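One-letter residues, chain by chain:
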Amino acid sequence: MREQPGIVIVGAGFAGICMAVKLKEAGYHDFVVLEKAGEPGGTWRDNTYPGCACDVPSHMYSYSFELNPGWSRMFAPQEEIQRYLRSCADKYGVTPHIRHGSAVTGLEYDDGRRSWTVTTEGGATMRANAVVSAIGALHIPKFPDIPGREAFAGPAFHSAAWDHSADLTGKRVAVIGTGASAVQIVPRIAPEAAHVTVFQRTPPWLHPKPDFAFSPAARRLLRLPGAARALRDGIYWALETRALGFAVHPSLMAAHERLALRHLERQVPDPGLRRALTPGYRIGCKRILISSDYYPALMRDDVSLVTDAVTEIRERSLLDAAGREHPADVIVYGTGFKVVDALAGRHITGRGGRRIQDAWSKGVEAYYGIATSGFPNLFFLLGPNTGLGHNSVVFMIESQARYVVECLRLLSRTQARALDVRQEAQAAFNRRLRARLDPMVWNAGGCHSWYLDEHGVNRTIWPGFSFEYWARTRRVKPGAYELIY
Ligand code: NAP
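Residues numbered from 1 in each chain as written. Predicted model: local features only at pLDDT ≥ 70, side-chain atom pairs only at ≥ 80, totals over all residues. Heavy atoms only, no water.

J.: Mind laying out the layout of surface pockets, listing which residues take part and the relevant values?
T.: Considering only enclosed or pocket space, the second largest pocket measures out at about 460 Å³ in volume. Along the wall of the second largest pocket there are 19 residues; nearest its centre are Ser64, Phe395, Glu398, Arg402 and Trp470. Those elements giving two or more residues to the lining of the second largest pocket turn out to be helix H1 (14–25), helix H6 (227–241), helix H13 (393–414) and helix H16 (466–472). (1 Å grid on protein atoms, 1.4 Å probe; cavity = no way out; pocket = protein on both sides within 12 Å on 5 of 7 lines; lining within 4 Å. Points joined across faces, edges and corners; volume = space filled by probe spheres on them. Helix = DSSP H or I, 4+ residues; strand = E, 2+ residues; numbered from the N terminus.)

Encoded structure:
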C-alpha cells in the first residue's frame with residue numbers, strides 16, 4: 001500500500017525547512033520533506049565555488065525565529081549558512097521528516113480523491129492532501145549556446161557545480177559571465193591561476209561590500225537579550241529603503257548610481273578599463289552586486305577583461321567577436337540559471353488532468369506567487385513574482401509559509417478537502433502586478449535580466465516593499481478561493 005502523508009514538501013532548502021518548522025509549530029506533524037540530494041541546504045549545499053558567500057547581511061538572511069548571534073561575518077560564507085540550515089532542521093525536529101535521495105518527478109491531482117499523487121524517481125508514489133513546492137528558483141544551470149562548447153579539452157563547469165578535482169594552480173582560466181557568482185569567484189581564483197580571462201557581456205552595477213568579521217566580543221554582545229533582534233531590524237529597514245527606487249520611482253535610484261560610480265572611480269584608475277566597466281543601463285535593472293575585491297582583481301596583471309562576445313570555443317582556447325583567440329586550460333561558466341523553467345518544466349497536472357504548462361501557456365503566474373488556479377492544495381514557496389531585488393528572500397519565505405498554514409487552517413475550519421484559487425482572483429492580482437511592474441526599473445531600466453521571461457515580462461520580482469507583501473499575505477481571503485468538499 002502506498003504511503004499517505006498529509007502534506008508533502010518538495011525540497012529541503014531555506015524554504016522547505018521553514019515550511020516544515022511552521023507546520024510543526026501549527027500542530028501539523030504528518031508530513032514528509034522530499035529532497036533530491038543527500039544533504040539539506042538547497043542552493044547553499046550546491047554552490048561551493050571559491051568565495052561563495054551571502055550577499056545579504058547574514059543577520060537578515062536567516063530565519064526571524066532562529067536568530068544567530070554567532071555569525072562569523074556580516075556576510076557569512078557558504079559552509080556557515082549550510083551549517084546553520086542543518087542545525088535549524090535538527091533543532092526544530094525537521095530532520096526526521098526529510099527523505100533524502102527522493103527527487104520528485106511528478107505531481108498529479110486526483111479529482112475523485114481530492115488528493116495529490118506524488119511520484120519520485122524510481123517510480124515510488126505517495127498520496128498527499130497538500131503539496132508545498134519549495135524547490136527554489138536558481139538551481140538549473142544555464143550554459144551559453146556557444147559553438148564548439150563540447151570541443152573544449154580541459155575541465156569546464158558551471159559555478160553551481162564546481163569541480164573541486166580541477167586544480168587551478170598555474171592554469172589559464174576563462175570565466176564567462178560577470179553576475180553575482182562570477183564577481184565572488186574571480187578575486188578568489190586570480191591569486192592561484194596563472195591567468196584569468198573574464199568574459200563580460202554586460203557590466204554589472206557594483207556597490208562596495210561592507211563586510212567584516214564579528215569579533216568574539218561583538219558576538220558576546222549580540223547574545224544579550226534583544227541585541228541580535230535590534231541588529232536584524234536595523235538591517236531590515238536599511239535594506240527596505242532601497243525599495244524606494246524600485247517601488248516608488250526609478251529616479252530615486254540616482255544615489256545608488258552615484259555610490260556605484262564612486263566605487264568604480266576609486267578602485268579603477270585606468271580610464272579604459274573604467275569605461276568598459278561602466279554600465280549603460282539604470283542601476284537596479286539587474287541585481288545590484290556588492291564586492292570590494294572584484295575591481296581590484298580585474299586590475300591585476302594576470303587578469304584580463306574581454307568585452308567582445310565569445311563566438312567559438314576550441315579545444316584549448318576561446319575566440320572572441322574581434323577575432324582574438326584566448327588560450328584557456330579551464331572554463332568556468334558563471335552564466336546563471338534557467339529561472340522560469342525551474343517551475344514550468346515540471347510534470348504537474350491539476351484538476352481535469354490539466355498540465356501546468358497549459359495553465360501557464362501565456363506565462364508563469366500565481367496568486368501572491370503561492371497558489372495557481374486549477375491546482376488545488378498545491379502551494380509554491382518563492383513562486384512567481386516573489387523574488388526581491390533589495391532585501392532578504394528569507395523574509396518572503398516566512399510570509400509564504402505562514403500563509404500556507406493559514407490555508408490549512410481554513411480547510412480545517414470549513415471541513416473542506418481542498419482549496420483552489422479562483423481564476424478571477426488570480427487574474428485580477430496579476431493585472432495589478434503587471435500595471436505596477438511595467439514602468440519599473442526591471443522592465444524600463446534598459447537591460448535584459450533573468451527577472452524577465454522570453455517575452456520581456458517580469459515573472460520573478462515582487463514590485464513593492466517586502467512589508468507590503470507580508471501585510472497582504474497575513475490573512476487568507478476565503479472569497480478568493482473555491483472550497484472543494
Ligand atoms: P546571473 O546573475 O544570471 O549572471 C550570469 C552572467 O553570465 C551575466 O553576467 C550574463 O551576462 C552572463 N552570460 C550569460 N550568458 C552569456 C553568454 N552567452 N555570453 C557571455 N556572458 C553570458 O547568474 P549568477 O551570477 O549565477 O547569479 C544568479 C542569481 O543568483 C543572482 O542574481 C542572485 O540572486 C543569486 N546569487 C546570490 C549570491 C549571494 O551571494 N547570495 C551569489 C550568487 C548568486 P548578461 O548580464 O549580459 O546577461
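J.: Hey, could you go over the pattern of salt bridges for me, with residue numbers and the actual values?
T.: Overall, the coordinates contain 22 salt bridges when judged by the stated rule. Residues Arg45 and Glu35 are paired through a salt bridge, measuring 2.9 Å at the closest nitrogen-oxygen approach. Taken together, the residues Arg45 in helix H2 (residues 43–46) and Glu35 in strand S2 (residues 31–35) connect sequence positions ten residues apart. With relative accessibility at 4%, the residue Glu35 sits in the buried group. Residue Glu468 is joined to Arg472 by a salt bridge in which the shortest nitrogen-to-oxygen separation is 2.8 Å. Here Glu468 pairs with Arg472, and both are found in helix H16, just four residues apart, close to one helical turn. On the basis of relative accessible area, Arg472 is assigned to the partly exposed category, the value being 42%. Salt bridges sharing common partners tie together Glu35, Arg45 and Asp46. (Salt bridge = Lys/Arg side-chain N within 4 Å of Asp/Glu carboxyl O. Buried < 20%, exposed > 50% of the residue type's maximum accessible area, 1.4 Å probe, protein only.)

J.: An account of a nonpolar patch on the surface is needed here, citing residue identities and associated values.
T.: Among the surface-exposed residues, Trp237, Phe467 and Trp470 lie close enough to one another that they form a single nonpolar patch of about 320 Å² accessible area. Tracing the backbone through its elements, the reader meets Trp237 in helix H6. Under the relative-accessibility criterion, Trp237 is labelled partly exposed at 49%. (Patch = residues over 30% accessible without salt bridge, like charges linked within 9 Å, V, L, I, M, F, W, Y side chains within 5 Å. Areas by Shrake-Rupley, 256 points an atom, 1.4 Å probe, with all protein chains shown as cover.)

J.: Give a description of the nonpolar core that names residues and reports values.
T.: In this structure, Ile9, Phe14, Met19, Tyr63, Tyr367 and Tyr481 are the most contacted members of the largest nonpolar core, which totals 116 residues. It is H13 that contributes the most residues to this core, twelve residues altogether. Formed jointly, this core draws a minimum of three residues from each of two domains, domain 1 (7–140 + 338–484) and domain 2 (149–204 + 287–333). Apart from the residues lying within four places of it in its own chain, the contact partners of Tyr481 are Tyr367, Ala371, Tyr403, Cys407, Leu419, Asp420, Val421, Arg422 and Val476. Counting residues in hydrophobic clusters, the runner-up holds 22 residues, among them Met126, Ile135, Ile356 and Phe375. (Core = buried A, V, L, I, M, F, W, Y, C linked by side-chain atoms within 4.5 Å. Domains from an automatic or database assignment. Contact = heavy atoms within 4.5 Å.)

J.: Now, about the environment of Arg262: what can you tell me, with residues and values included?
T.: Positionally, Arg262 belongs in helix H8 (residues 254–267). Each C-alpha atom of the pair Arg262 and His207 lies 9.1 Å from the other, and the pair is 55 residues apart in sequence.

J.: Mind laying out the state of the cysteines, listing which residues take part and the relevant values?
T.: By the definition in use, this model includes one disulfide. In this model, Cys285 is linked to Cys447 through a disulfide, with the two sulfur atoms separated by 2.1 Å. Taking the torsion about the S-S bond as the criterion, the Cys285 to Cys447 disulfide, at about -95°, is left-handed. With a gap of 162 residues between them, Cys285 in the loop between helix H9 (271–277) and strand S12 (289–290) and Cys447 in the loop between helix H15 (441–444) and H16 connect regions that are remote in the sequence. Given a relative accessible area of 0%, Cys285 falls into the buried group. Between Cys52, a cysteine without a disulfide, and Cys54, which holds the nearest cysteine sulfur, the sulfur-to-sulfur distance is 9.0 Å. Here Cys407 stays free of any disulfide, with the sulfur of Cys18 as its closest cysteine sulfur at 15 Å. (Disulfide = S-S within 2.5 Å.)

J.: Please give an account of the sheet that holds strand S6 (residues 125–128) that cites residues and values.
T.: With mixed pairing, four strands are arranged side by side in an open sheet as S6-S5-S4-S18. Two strands bound the open sheet, and with one partner strand each, they are S6 and strand S18 (348–349). Bridge count between strand S5 (residues 115–120) and S6: four bridges; the pairing is antiparallel. Of the residues in S6, the one forming a bridge with Trp116 is Ala128. (Pairing = 2+ DSSP bridges.)

J.: Let's hear about the site of the ligand: which residues, and what values?
T.: Residues in close proximity to the ligand total 23 residues, the closest being Ala53, Ser181, Arg201, Thr202 and Lys286. For the ligand, an oxygen atom lies 2.9 Å from a polar atom in the backbone of Asp55. Note that an oxygen atom of the ligand is positioned 2.9 Å from one of the backbone N or O atoms of Thr178. Contact with the protein chains removes 84% of the 910 Å² of surface that the ligand exposes when unbound. For the shell around the ligand, the leading source of residues is helix H4 (residues 180–189), giving three residues. The class makeup of the residues in the shell around the ligand is ten nonpolar, nine polar and four charged. Shared between two domains, the shell around the ligand takes at least three residues from each, and those domains are domain 1 (7–140 + 338–484) and domain 2 (149–204 + 287–333). (Near = heavy atom within 4 Å. Polar contact = N/O pair within 3.5 Å; in protein donor to acceptor, adjacent residues only side chain to side chain. Nonpolar A, V, L, I, M, F, W, Y, C, P; charged D, E, K, R; others polar.)

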